[in-house]
Amino acid sequence: NSKDRTIINYYYSTMNAIKIKGHLLFLRCSVCVSLILSTILFGGLSYLILYKNEGDLMNSQFNAIDDHFHHSVLHKRQMQDISLSTMGLYIESMYPNASSWPNVGVPIQTFSAIAAKLMVLSSSKVIYYAPIIYANDIQSFENYSYNFFKEQGTPDLGISDFGKGIYAVDSNGERYRENDCSSSAGKMNMIVPILQSTCTGMESKIMYNTYSEPTVANAIDTLLNCTKHFEQDECIIETDFIYPSSPSSCCDDNIGDEPSTIIMYPLYSTNNQGEKIVLGIISSYFKWSDALDTSVPSYAKGLKASVLNSMNGDQSEYKLKSGNALFQKTTYIHNSHSSSSSSSHSSSSHSSSSEDHAMDSMELKNHSPYSTNLIKTDQFIRQYRTWVPIYVSIIAISITLLTSCIFMFYAVAMNREQRDQDIMMETKRLFVRYISHEIRTPLNTVHLGLQVLRDEMIELISTMENTSATALLKDHLEEWTLFISDIDESTEDAITVVSDLIDFDKLTTGMLNIDQGIHEICSLVTETVKPFLIQARSKNISLIMNEEIESIIMKKTNDNNEENTNGLIGKNLIIYGDSIKIQQVLRNLISNALKFTPENGQVTITAQWNLDSNMSDKVSCPNNFSRCGSIVVKVKDSGAGMTPEQVGQLFQEGVQFDANKLQAGQGSGLGLWIAKGVVDRHGGKLSAASEGKGYGAEFILRLPVFYPEVKHQHKTPRFKLNTMSESSATTTTTPSSSV
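Residues numbered from 1 in each chain as written. Predicted model: local features only at pLDDT ≥ 70, side-chain atom pairs only at ≥ 80, totals over all residues. Heavy atoms only, no water.

**Re the pattern of salt bridges**
Part 1 of the reasoning: A complete count under the given rule lists 6 salt bridges for this structure.
Part 2 of the reasoning: Residue K52 is joined to D56 by a salt bridge in which the shortest nitrogen-to-oxygen separation is 3.0 Å. Residue K52 and its partner D56 are located together in helix α1 (residues 2-94), separated by 4 residues, close to a single helical turn.
Part 3 of the reasoning: Under the relative-accessibility criterion, K52 is labelled exposed at 52%.
Part 4 of the reasoning: Through salt bridges with shared partners, one network takes in R77, D81 and E238. (Salt bridge = Lys/Arg side-chain N within 4 Å of Asp/Glu carboxyl O. Helix = DSSP H or I, 4+ residues; strand = E, 2+ residues; numbered from the N terminus. Buried < 20%, exposed > 50% of the residue type's maximum accessible area, 1.4 Å probe, protein only.)

**What about the confidence of the model for the protein?**
Part 1 of the reasoning: Looking at the protein as a whole, the pLDDT averages 76, with 73% of positions reaching at least 70.
Part 2 of the reasoning: Taking the mean pLDDT of every element in the protein, the minimum, 32, falls on strand β17 (residues 555-556) and the maximum, 92, on helix α3 (residues 138-151).
Part 3 of the reasoning: Note that pLDDT drops below 50 for residues 336-367; the model gives that stretch 87 contacts with residues more than four away or on any other chain.
Part 4 of the reasoning: Confidence drops under pLDDT 50 across residues 549-569; counting only partners more than four residues distant or on other chains, this segment forms 52 contacts. (pLDDT = per-residue confidence, 0-100. Contact = heavy atoms within 4.5 Å.)

**Considerations on the sheet that holds strand β1 (residues 126-131)**
Adjacent strands of a sheet pair through backbone hydrogen bonds, lying either parallel or antiparallel.
Part 1 of the reasoning: Pairing is antiparallel in the open sheet, where 5 strands are placed in the order β6-β1-β9-β8-β7. If you trace the sheet from one side to the other, it starts and ends with β6 (196-197) and β7 (237-238), each paired once.
Part 2 of the reasoning: In this sheet, strand β8 (residues 260-270) lies alongside β7 in antiparallel orientation, the contact comprising 2 bridges. Of the residues in β8, the one forming a bridge with E238 is I263.
Part 3 of the reasoning: Contacting β7, β8 and β9 (276-287), helix α5 (residues 214-227) runs over the sheet at an angle of about 40° to β8. (Pairing = 2+ DSSP bridges. Axes fitted to C-alpha atoms, helices over the stretch in contact; angles between N-to-C directions.)

**Points about the packing of helix α11 (residues 521-529) against helix α13 (residues 579-596)**
Part 1 of the reasoning: The N-to-C vectors of α11 and α13 enclose an angle of 45°; their axes lie 10 Å apart at closest approach. On the basis of their axis angle, the class for α11 and α13 is oblique. For the element pair α11 and α13, the recorded crossing hand is right-handed. From α11, L524, V525, E527, T528 and V529 reach across to α13, where they touch S579, I582, Q583, L586, R587 and I590.
Part 2 of the reasoning: Per-class residue counts for the contact of α11 with α13 are 6 nonpolar, 3 polar and 2 charged. (Parallel < 35°, antiparallel > 145°, perpendicular 65-115°, else oblique. Left-handed = near helix turned anticlockwise from the far one by under 90°. Nonpolar A, V, L, I, M, F, W, Y, C, P; charged D, E, K, R; others polar.)

**Some words on the environment of E234**
Part 1 of the reasoning: Relative to the helices and strands, E234 resides in the loop between α5 and β7.
Part 2 of the reasoning: C-alpha separation for the pair E234 and D81, spaced 153 residues apart in sequence, amounts to 10.0 Å.

**Some points on the packing of α13 against helix α16 (residues 671-681)**
Part 1 of the reasoning: In contact at an axis separation of 10 Å, α13 and α16 are set at 145° when each is read in the N-to-C sense. For the crossing formed where α13 meets α16, the hand is left-handed. Seen from α13, the contacting residues are K581, Q584, V585, N588, L589 and N592; seen from α16, they are G671, L672, I674, A675, V678 and V679.
Part 2 of the reasoning: Looking at the contact of α13 with α16 residue by residue, the class counts come to 7 nonpolar, 4 polar and 1 charged.

**Things to note about unusual backbone geometry**
Part 1 of the reasoning: Look at the link from W101 to P102: it is a cis peptide, with omega at 5°.
Part 2 of the reasoning: Counting through the fold element by element, P102 comes out in the loop between α1 and α2 (108-122).
Part 3 of the reasoning: Of note in this structure, S322 is not a glycine but carries a positive phi near 55°.
Part 4 of the reasoning: With respect to the element layout, S322 can be found in the loop between β11 (314-321) and β12 (324-332).
Part 5 of the reasoning: Although it is not a glycine, N540 sits at a positive phi angle of roughly 55°.
Part 6 of the reasoning: Looking at the element boundaries, N540 is found in the loop between α12 (532-538) and β16 (542-548).

**Examining the environment of K329**
Part 1 of the reasoning: On the secondary structure map, K329 appears in strand β12.
Part 2 of the reasoning: Relative accessible area serves as the criterion here: at 42%, K329 is assigned to the partly exposed category.
Part 3 of the reasoning: Sequence separation of K329 and Y318 is 11 residues, and the distance between their C-alpha atoms is 7.5 Å.
Part 4 of the reasoning: Those residues in contact with K329 that sit more than four places away from it in its chain are Q315, S316 and E317.

**Description of the nonpolar core**
Part 1 of the reasoning: Membership of the largest hydrophobic core comes to 83 residues, with the highest contact counts inside it found for Y129, I220, I282 and L303.
Part 2 of the reasoning: With 8 residues, the single largest contributor to this core is α1.
Part 3 of the reasoning: Discounting residues that sit within four places of it in the chain, I282 has contacts with L84, M87, G88, I91, F111, I127, Y128, Y129, I263, M264, Y265 and L267.
Part 4 of the reasoning: Within the second largest apolar cluster, 47 residues are counted, among which are V529, F532, L672 and L703. (Core = buried A, V, L, I, M, F, W, Y, C linked by side-chain atoms within 4.5 Å.)

**Observations concerning the pairing of β1**
Part 1 of the reasoning: Burial within β1 is extensive, with 6 of its 6 residues counted as buried.
Part 2 of the reasoning: Neither face of β1 is open: one carries V126, Y128 and A130, the other I127, Y129 and P131, and all of them are buried.
Part 3 of the reasoning: Where β1 meets β9, 6 bridges bridge the pair, whose relative direction is antiparallel. Across the sheet, I127 pairs through a bridge with S284, a residue of β9.
Part 4 of the reasoning: Relative to β6, β1 runs antiparallel, the two being bridged by 2 bridges. Of the residues in β6, the one forming a bridge with Y129 is Q196.

Here it is as structure tokens:
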């Protein structure tokens with residue numbers, strides 16, 4: 001039939017609309033996904049290309065600096081070799097015959113002048129000359145040396161604690177005289193004492209047998225072994241690291257813990273058979289920091305250099321700052337023979353390690369124990385790693401994402417608008433349902449009560465025509481009284497809901513009026529509590545009120561410690577504000593306590609005066625009155641209690657906890673919110689506390705109080721307010737109010 005066809009058409013049209021919406025949604029999602037993927041691809045490629053360009057620039061700059069670094073270090077090492085060979089050739093030219101050795105020396109001024117210029121050229125710290133002496137030549141050499149020092153005007157040179165003579169140093173650092181070759185640390189039975197030196201620190205080491213130190217002795221043995229196979233210029237030997245604690249180190253205050261190296265060059269002379277033999281050594285003592293100075297441009301930042309002794313694994317690190325090399329530390333590298341990923345350079349001189357003795361002649365000539373490395377640090381990398389790739393990627397991604405957002409903005413905005421409309425309509429519906437429910441219930445009671453009262457009156461009128469009216473009228477009047485009480489209570493509930501809504505609106509708009517007035521706090525609290533006694537009895541709840549309002553200011557005026565007062569008594573404590581609003585707050589707290597307290601429970605009301613100064617100054621003081629602390633009213637019940645989370649939400653608008661279970665669905669949820677607003681307007685404070693579910697709750701009201709300014713003094717009596725004077729009070733209510 002037509003109705004079925006209509007339903008079928010509606011069904012198909014609905015399904016078509018759903019399909020169209022689904023297709024549109026799929027198309028929108030596809031476009032968005034495509035835009036996002038293309039955005040990520042474009043931004044990622046932009047970042048990678050720019051990042052690679054920065055890396056290429058950094059590597060090219062580093063390679064250029066590294067080439068300069070290695071050429072500089074190599075040049076300085078070559079200058080050191082040239083300086084040693086120059087000084088050596090000079091000494092050899094002075095004493096070409098072997099018969100003159102070892103008793104040969106260069107005039108001190110000449111030696112110092114030549115060596116000074118060579119040290120500037122080679123960046124060396126010290127250049128010293130030491131002849132090779134065998135045991136049978138020791139005494140003649142000592143005699144020649146001290147005569148030479150005397151002729152040169154330096155007779156104090158070479159004198160130790162024990163006097164004149166060649167010396168060595170024991171393990172305790174003490175000098176002892178070298179009478180034979182027993183202190184030699186090398187393979188040869190000889191000594192190699194220092195005869196001349198350019199360093200003032202070395203002057204104290206004149207006549208020191210350098211062959212007694214293992215590191216130097218190994219280098220001398222390597223030097224002598226090299227001269228057997230190679231030319232003189234090819235035998236320039238380096239020692240291992242010489243540390244400041246070594247006897248061979250130079251006495252230089254600026255060295256610190258930085259290791260140094262001694263370079264040795266052989267001195268030749270011709271014997272009677274026309275053969276060249278090694279009769280002495282010219283040595284250069286230098287710091288690696290001097291060799292590394294100016295090895296990189298001063299503008300280069302964030303670079304470090306290391307010097308690795310590949311034979312023993314010691315590595316010294318230097319910080320290159322403004323073209324200067326600053327020593328940092330010395331570490332031990334376990335796998336010292338492995339190749340380094342940093343750029344490295346090996347010096348051209350030969351190793352002095354003891355392992356060199358096991359090398360063949362080719363290895364001996366070509367091997368060097370030291371390699372220098374230039375290292376990039378994070379500071380250097382940060383100079384070339386900028387935020388440009390990231391910024392470009394972000395801009396590219398932002399542009400495409402902005403396009404996508406604009407594309408989807410209209411649909412999202414419309415959906416949001418529709419959702420807001422739905423939320424607003426749902427809120428209105430809930431509000432109307434809530435208001436209608438809260439007002440309808442008491443009005444239904446009023447309506448039904450009036451109907452019953454009307455029916456009862458009609459029945460009474462018809463009955464009074466045939467019977468005696470007095471007894472019947474009495475019974476009906478009692479029933480009507482009960483009906484009127486219910487009607488009045490329901491009407492009051494409806495009025496309360498409407499009043500809460502009105503006060504809520506006034507508080508939110510800031511239009512709540514406070515009628516300022518002077519009111520005695522004692523009577524105000526007592527009058528507010530009394531009407532709740534009947535309600536407490538009806539629920540079989542013990543309602544206790546304790547007042548401990550003590551407004552006494554004590555002063556000692558004589559030696560008998562008599563206590564006088566300032567004319568203040570408890571009943572004179574007043575509050576300055578709206579008494580109706582304050583009573584509304586107290587009623588709300590007490591009614592809530594009775595509402596949430598089960599049968600046979602207990603509600604305790606405590607009023608206490610505190611002399612404090614922490615109250616707000618929102619409320620001005622009335623004329624002829626002075627501020628006198630605060631009145632603290634505590635309402636504590638043994639009811640349901642609250643969790644800490646509920647206590648934190650308690651004074652928010654519309655908050656109710658288990659309303660159906662604890663309040664039978666009644667209450668607006670605005671009472672405490674309104675009460676707190678009223679208390680704040682009076683310059684007071686309203687707070688709550690609870691130990692947890694099932695442990696009851698306590699509400700604390702704190703208001704500023706004042707007292708009249710009087711001139712006479714008298715003692716303040718303690719007095720009692722009978723808040724429950726009825727002797728007929730049941731055992732369920734326990735008044736105990738003392739002031």
